[in-house]
Amino acid sequence: MKKISVLADIGCQLPIGSLEDQGIYIVPLTITMGNKTYLDLEEISANEVFERMNKTGEMVMTSQPSTGSIQNAVHRIKDAGYDHIIALPIATGLSSTLNGMKLACDMVGVPVTLIDTKGTASNHRYLIRVAKKLIDDQKDVTEIENVLTSLIEQSATLIMTPNLTHLKKGGRITPAVAIVDPALAETMP
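To keep things clear, this report deals only with the structure shown in the data block. All values derive from a computational prediction rather than experimental measurement.

Some thoughts on the packing of aromatic side chains
- Under the criterion given, the structure shown has one aromatic pair.
- Here lysine 3 stacks its cationic end above the ring of tyrosine 82, 4.5 Å away from the centre of that ring.

A word on the environment of glutamate 153
- Here glutamate 153 is to be found in helix H5 (residues 141–153).
- Relative accessible area serves as the criterion here: at 63%, glutamate 153 is assigned to the exposed category.
- Measuring from C-alpha to C-alpha, the distance between glutamate 153 and lysine 118 comes to 8.8 Å, with 35 residues separating the pair along the chain.

Here's the deal with the sheet that holds strand S1 (residues 4–9)
- Read across the open sheet, the four strands follow the order S2-S1-S6-S7; overall the sheet is parallel. The sheet terminates laterally at strand S2 (24–27) and strand S7 (112–114), the two strands that pair on one side only. Within the sheet, the average angular offset between the axes of one strand and its neighbour, ignoring direction, is 25°.
- Relative to the sheet, helix H3 (residues 97–108) contacts S1, S2, strand S6 (84–88) and S7, its axis offset from that of S7 by approximately 170°.
- Its contacts with the sheet put helix H4 (residues 121–136) on S1, S2 and S6, and the angle it makes with S1 is roughly 175°.

As for the nonpolar core
- Ranked by size, the top nonpolar core spans 24 residues in total, and within it Val6, Ile26, Ile86, Leu88, Ile128, Ile144 and Leu148 carry the most contacts.
- Going through the elements one at a time, S1, S2, S6, H4 and H5 are the ones with two or more residues in this core.
- Residue contributions to this core peak at six residues, all from H4.
- Setting aside residues no more than four positions away along its own chain, isoleucine 26 makes contact with Ala8, Asp9, Ile10, Cys12, Leu14, Pro15 and Ile16.
- Counting 16 residues, the second-largest nonpolar core is a separate cluster that includes Ile70, Ile77, Tyr82 and Ala104.

Structural notes on the packing of helix H2 (residues 67–79) against H3
- Interhelical geometry of H2 versus H3 gives an angle of 50° and a closest axis separation of 9 Å. Classified by the angle their axes make, H2 and H3 are oblique. Here H2 and H3 pass one another in a crossing that is right-handed. Contact residues: H2 offers Thr67, Ile70, Gln71, Val74, His75 and Lys78, while H3 offers Gly100, Met101, Leu103, Ala104, Cys105, Met107 and Val108.
- Residue composition of the contact of H2 with H3, by class: eight nonpolar, four polar and one charged.

Basis of the calculations
Residues numbered from 1 in each chain as written. Predicted model: local features only at pLDDT ≥ 70, side-chain atom pairs only at ≥ 80, totals over all residues. Heavy atoms only, no water. Phe/Tyr/Trp six-rings, centres within 6.5 Å; stacked < 30°, edge-to-face > 60°. Lys NZ or Arg CZ within 6 Å of the ring centre and 35° of its normal. Helix = DSSP H or I, 4+ residues; strand = E, 2+ residues; numbered from the N terminus. Buried < 20%, exposed > 50% of the residue type's maximum accessible area, 1.4 Å probe, protein only. Pairing = 2+ DSSP bridges. Axes fitted to C-alpha atoms, helices over the stretch in contact; angles between N-to-C directions. Contact = heavy atoms within 4.5 Å. Core = buried A, V, L, I, M, F, W, Y, C linked by side-chain atoms within 4.5 Å. Parallel < 35°, antiparallel > 145°, perpendicular 65-115°, else oblique. Left-handed = near helix turned anticlockwise from the far one by under 90°. Nonpolar A, V, L, I, M, F, W, Y, C, P; charged D, E, K, R; others polar.

Dropping the structure here:
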């Protein structure tokens, strides 16, 4: 029987390092504000990011974890005796973390099953907990992948924003789509 671990990123909002004794490894996304880059929830909190955005209006950019930080986590996984990884990164529509996880696992030489969570936050966290339960129940990799994929197909993530300004600036939406924002605001009570 394979010894399976879970690898995810901080998009799940679980504390980094706090679950490694249970086989759950979390890597930080990166946040760039101004000319400085921070490791999400290690070097800057969500509240600090929001306060700074509100105060200065500056653009916040996020990106996938560095290949080095993912590799470090994969080395810790391998050193802990795990021989397979279930990788559950934040949605590929939001980040290319899935590709980084694949690259890091290939470089370290640990087999990985990559699953696009197609979500973040509570959905992402829920999938990690389900994966852990299935691992504890000694399910095989294929069964774990099938259960998680089925859950993902039956779920959705809703991301709310007070306006579309930052999404437009960050290139997440086109300027044409951003034009809808003022029109929507006028129809709201």
